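# An overview of the molecular structure
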Amino acid sequence: MSAPAVSAKGLVRRFGTVVAVDGLDLEIDAGTCLGLLGPNGAGKTTTIEMLEGLRRPDAGEIEILGMGWDRDGPRIRQRIGVQLQETMLQEKLTCDETLRVFASFYAHPRPRDEVMDIVGLVEKKGARVGTLSGGQKQRLALGCALINRPDLLFLDEPSTGLDPQARRRVWEVVEAFTSDGGTVLLTTHYMEEAERLSDRVIIIDQGRIIAEGSPQQIIDGLDAEAIVEFRIASDRNGADLPDGLFDDLPGAGSVRRSGDVVSFEVTDVQAAVFALLQRAKEHDVALDDLRTHRTTLEDVFVSLTGRQLRDG
Amino acid sequence: MGRTLWELTRLRLLLFLREPEVLFWVFAFPIIMALVLAFAFKDRGVEPSKIGVLASAPDAVRKALAASDELEVETYDDREVAEHALARGRIDVLVSPGAASEPPLVHLDENRTESVTARLRVRDALQAPLRSGPVTEERPVAAVGSRYIDFLFPGLLGMNIMGTGLWGIGFYLVDQRQKKLLRRMLVTPMPRAAYLLSFITSRFVLLAAEVLALLAFGLWMLDVPLDGSIVLFGLLTIFGAASFAGLGLLVASRARHIETISNLMNLVMMPMWLGSGVFFSYERFPEAMHPFCRALPLTALNDALRAVMLDGAGANDIAPELGVLLAWGVVCYAVALKVFRWE
Ligand SMILES: Nc1ncnc2c1ncn2[C@@H]1O[C@H](COP(=O)(O)OP(=O)(O)O)[C@@H](O)[C@H]1O
Ligand SMILES: [Mg+2]
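In what follows, the accompanying structure is described. A quick note: this is a predicted structure, and the numbers were derived from the prediction, not measured. (Residues numbered from 1 in each chain as written. Chains lettered and ligands numbered in written order. Predicted model: local features only at pLDDT ≥ 70, side-chain atom pairs only at ≥ 80, totals over all residues. Heavy atoms only, no water.)

## Looking at the overall build of chain A
When you go through chain A residue by residue, the secondary structure sums to 10 helices and 13 strands. When the backbone C-alpha atoms are referred to their principal axes, chain A occupies close to 75 × 45 × 40 Å. Taking all 312 residues of chain A together, 52% fall into the buried category. In chain A, 69% of the contacts between residues at least 6 apart in sequence involve partners at least 24 apart. Carbon and sulfur atoms make up 45% of the accessible area of chain A, which totals about 14200 Å². The centroid of the 36 positive side-chain charges in chain A is displaced by 8 Å from the centroid of its 51 negative side-chain charges. (Helix = DSSP H or I, 4+ residues; strand = E, 2+ residues; numbered from the N terminus. Buried < 20%, exposed > 50% of the residue type's maximum accessible area, 1.4 Å probe, protein only. Contact = heavy atoms within 4.5 Å. Areas by Shrake-Rupley, 256 points an atom, 1.4 Å probe, with all protein chains shown as cover. Lys, Arg positive; Asp, Glu negative; His and termini not counted. Charge placed at Lys NZ, Arg CZ, Asp CG, Glu CD.)

Take a look at the structure:
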């Protein structure tokens, strides 16, 4: 097996008293995509910026494509592509002019038309950046990251703020890059994005890794086939329910309540739902919005932290 | 490095040309300003001094004053009203009767040039009846190169080179910093020195357009002379532009907000507006301040521009000024590169 494209050990970064990244290890095998999933403020941007050489870690070691930032900065930069979390490109330049400037930084840039084709902006070549939609701007930023045929691509929340269709087009560009053998590190707080694009996912919270593996491994680790969720009908006060009413349903794991929404992880959906409906009938409780869904990375996060991924 | 520098320079110029307001400030504004000033300082002949005289002054005195065509005389009955008019600058001097057989008194404000001029004119008018003929012959200057506009124009040129250099770079850089574009550049192999250098190179191109427009206007519309070599003139403006581009980079090297950069720019330019002899010669400041004035880059540029345009100075004559400009440019650029904030 070849050496990992990215390897980091014991990364620590503090901002004043805030420990943004707290002893993080990660490795990305060449040709794979690693998704860094976590809520806002988890330390994703700080981590990726340390790997990009933009921030120095307070502690820890980083190796990129077998090189270190201290000695090989310029050589690493020739071979990586980066999309920062919030770069606004120059509005008054055209797409082609934008790529042209970035191309001039590299020893062996790709032809600009080829890049336009990859990111699907051929017909926007001569358009000013200021006239592009959010999704098109994001794809142009991706184009800038791809102009040097990078071996390794860093993407910090590439689809945040985009509508679902624009998001899918960004995903297609990333998928094309990985299927050509490229290595990707991607941060996101969308679990669909992490699940769809990543070979491996690291879930981080408060600067630490709380789960890692392939999306399937992580989900399997929760030991729940599905999640059952319902609301207690609004005309019945939650307080009236006997405590622990749903605690010992067959096939169901731990129960979680937030507001009037109750959810639990189940190993046997059929048995659990059947028992749930029976229990509700016995106690004359109406269940609203009863539904079940396959366990997702989001559920893993909720289970591990008690919070939602998208909580600020 | 060469290709990067070329592309970054091209980028700066493209962006510049796509900002109509900037075009106005760079090209139209200085010409409008020169026009207004040219009009303001057009030959208007001799302006008479406005003086006051108390009604109680002897008839002979009042007649002699009224006879002078250099004086516009206002007669006051009340001394207090007259003194107030002098204090407010409505009259330049006030003539009142002397005690007993003493000569009349002239009240003046010695800090006001107009007041001092008026005193001399009053003296002249009162002495005229006693003289048989004129003491001196007078001949007003008409020679090209000695009018106020001839003095002013090189100063405006210098001020313009300073202003466009500083403002153009300052606002652009802060904007790029705010948009995080500078950070985006940092993750590419772009040489950082090339990025900063592109500000200086792009200035040269803009400078050519800007200075040529102003110079053409000055030569043809205002009849300002260009006695020295145009090549030397060009070289001098290049030194000036490089100097202020370096200064602009330094001033903008850390600022994160438009307000910060505005304040910093004004702080840097203020001493030069006043002390660099744009509108009046810095020789008017106390002697002790002259070395300080001469060390300012705008002073060096203005002095050298005047020397080349008005006195036909050669390269050797303006070598010290070129040295001052070069030193400012190089030192500022080097420091800016060191302390530059990319985030
Ligand atoms: N430049 C900074 N100065 C101070 N605190 C920062 C800075 N950047 C990030 N932080 C803090 O570090 C933590 C992690 O931030 P970040 O890496 O941006 O998280 P994420 O990208 O996962 O949303 C947050 O608590 C954030 O407030
Ligand atoms: Mg972030």
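The discussion continues.
## Focus: the environment of A:Ser133
Residue and element names in this part refer to chain A. In this structure, Ser133 sits in the loop between helix H4 (112-118) and helix H5 (134-146). Exposure remark for Ser133: the relative accessible area of 37% places this residue in the partly exposed category. A C-alpha to C-alpha distance of 18 Å links Ser133 and Val115, two positions 18 residues apart in sequence.

## Some remarks on the pairing of strand E1 (residues 6-15) of chain A
All names here are of chain A. Sheet topology note: the E1/strand E4 (residues 59-64) ladder contains five bridges and is antiparallel. By the bridge assignment, Lys9 is partnered in E4 with Glu61. With eight bridges connecting them, E1 and strand E2 (residues 18-28) associate as antiparallel partners. Residue pairing for E2: Val6 is matched across the bridge by Ile28. (Pairing = 2+ DSSP bridges.)

## Comments concerning the side chain of A:Asn148
Residues and elements named next belong to chain A. Relative to the elements of secondary structure, Asn148 occurs in the loop between H5 and strand E6 (152-156). Separated by 3.0 Å, the side chain of Asn148 and the backbone oxygen of Ile80 make a polar contact. In this view, Asn148 contacts Arg77, Gln78, Arg79, Ile80, Gly81, Tyr106, His108 and Pro109; residues no more than four positions away in its chain are not counted. (Polar contact = N/O pair within 3.5 Å; in protein donor to acceptor, adjacent residues only side chain to side chain.)

## Let's talk about the coordination of the magnesium ion (ligand 2)
Of the protein atoms, only A:Thr45 (OG1) and A:Gln85 (OE1) coordinate the magnesium ion (ligand 2), at distances of 1.9 to 2.3 Å. Of the two residues, A:Thr45 is situated in helix H1 (residues 44-51) and A:Gln85 in the loop between strand E5 (80-83) and helix H3 (95-103); the sequence distance between them amounts to 40 residues. (Donors = N, O, S within 2.8 Å, 3.2 Å for Na, K, Ca; no water.)

## Thoughts on the side chain of A:Asp299
All names here are of chain A. You can see Asp299 is positioned in helix H10 (residues 297-305). Summary of buried charges: Asp299 has no salt-bridge partner, and the nearest side chain of opposite charge, Arg256, is 7.9 Å away. In this structure the side chain of Asp299 is engaged in a polar contact, spanning 2.8 Å, whose partner is the backbone nitrogen of Thr296. Apart from the residues within four sequence positions on either side, Asp299 is in contact with Leu222, Ile227, His293 and Arg294. (Salt bridge = Lys/Arg side-chain N within 4 Å of Asp/Glu carboxyl O.)

## Things to note about the sheet that holds strand E13 (residues 287-294) of chain A
Two orientations exist for strands paired in a sheet by backbone hydrogen bonds: parallel and antiparallel. All names here are of chain A. One open sheet holds the four strands; their spatial order is E11-E12-E10-E13, and the pairing between them is antiparallel. The strands lining the two open edges of the sheet, one partner per strand, are strand E11 (252-258) and E13. With direction set aside, neighbouring strand axes in the sheet form an average angle of 20°. Bridge count between strand E10 (residues 226-232) and strand E12 (residues 261-266): six bridges; the pairing is antiparallel. Each bridged residue has a counterpart across the sheet, and for Glu229 the counterpart in E12 is Ser263. Its contacts with the sheet place helix H9 (residues 269-282) against E10, E12 and E13, and it is angled at close to 170° to E13. (Axes fitted to C-alpha atoms, helices over the stretch in contact; angles between N-to-C directions.)

## A few points about the interface of chain A and chain B
On the side of chain B, 28 residues touch chain A, which itself brings 30 residues to the contact. In total, chain A and chain B occlude about 2700 Å² of area from one another, counting both sides; carbon and sulfur atoms represent 55% of this. Interface area lost by chain A to chain B is led by A:Gln90, A:Lys92 and A:Phe105, which between them contribute 22%. The partner of B:Glu19 in a salt bridge is A:Lys92, with the nearest N and O atoms 3.3 Å apart. (Buried area = accessible area lost by both parts, 1.4 Å probe.)

## Examining helix H10 (residues 258-275) of chain B
All names here are of chain B. A rise of 1.5 Å per residue sets the reference length of H10, with its 18 residues, at 26 Å; its end C-alpha atoms lie 26 Å apart and thus fit the reference within 8%. The sharpest bend along H10 measures roughly 30° and falls at Met269, with the proline Pro271 sitting one to four residues further on. Among the residues of H10, those classed as buried are Ile261, Ser262, Met265, Met269, Met272 and Gly275. Here the buried face of H10 lies against helix H6 (148-178), helix H9 (230-251), helix H11 (290-295) and helix H12 (297-311). Two residues or fewer past H10, Gly277 is found with a positive phi of approximately 70°. (Expected span 1.5 Å × (residues − 1). Bend = angle between axes of the 7 residues up to and from the residue.)

## Details of a nonpolar patch on the surface
Residue and element names in this part refer to chain B. Taken together, Phe24, Trp25, Phe29, Ile32, Leu35 and Val36 make up a surface patch of nonpolar side chains, about 570 Å² in accessible area. Among the structural elements, Phe24 can be located in helix H2 (residues 20-40). For Phe24, a relative accessible area of 37% gives the class partly exposed. (Patch = residues over 30% accessible without salt bridge, like charges linked within 9 Å, V, L, I, M, F, W, Y side chains within 5 Å.)

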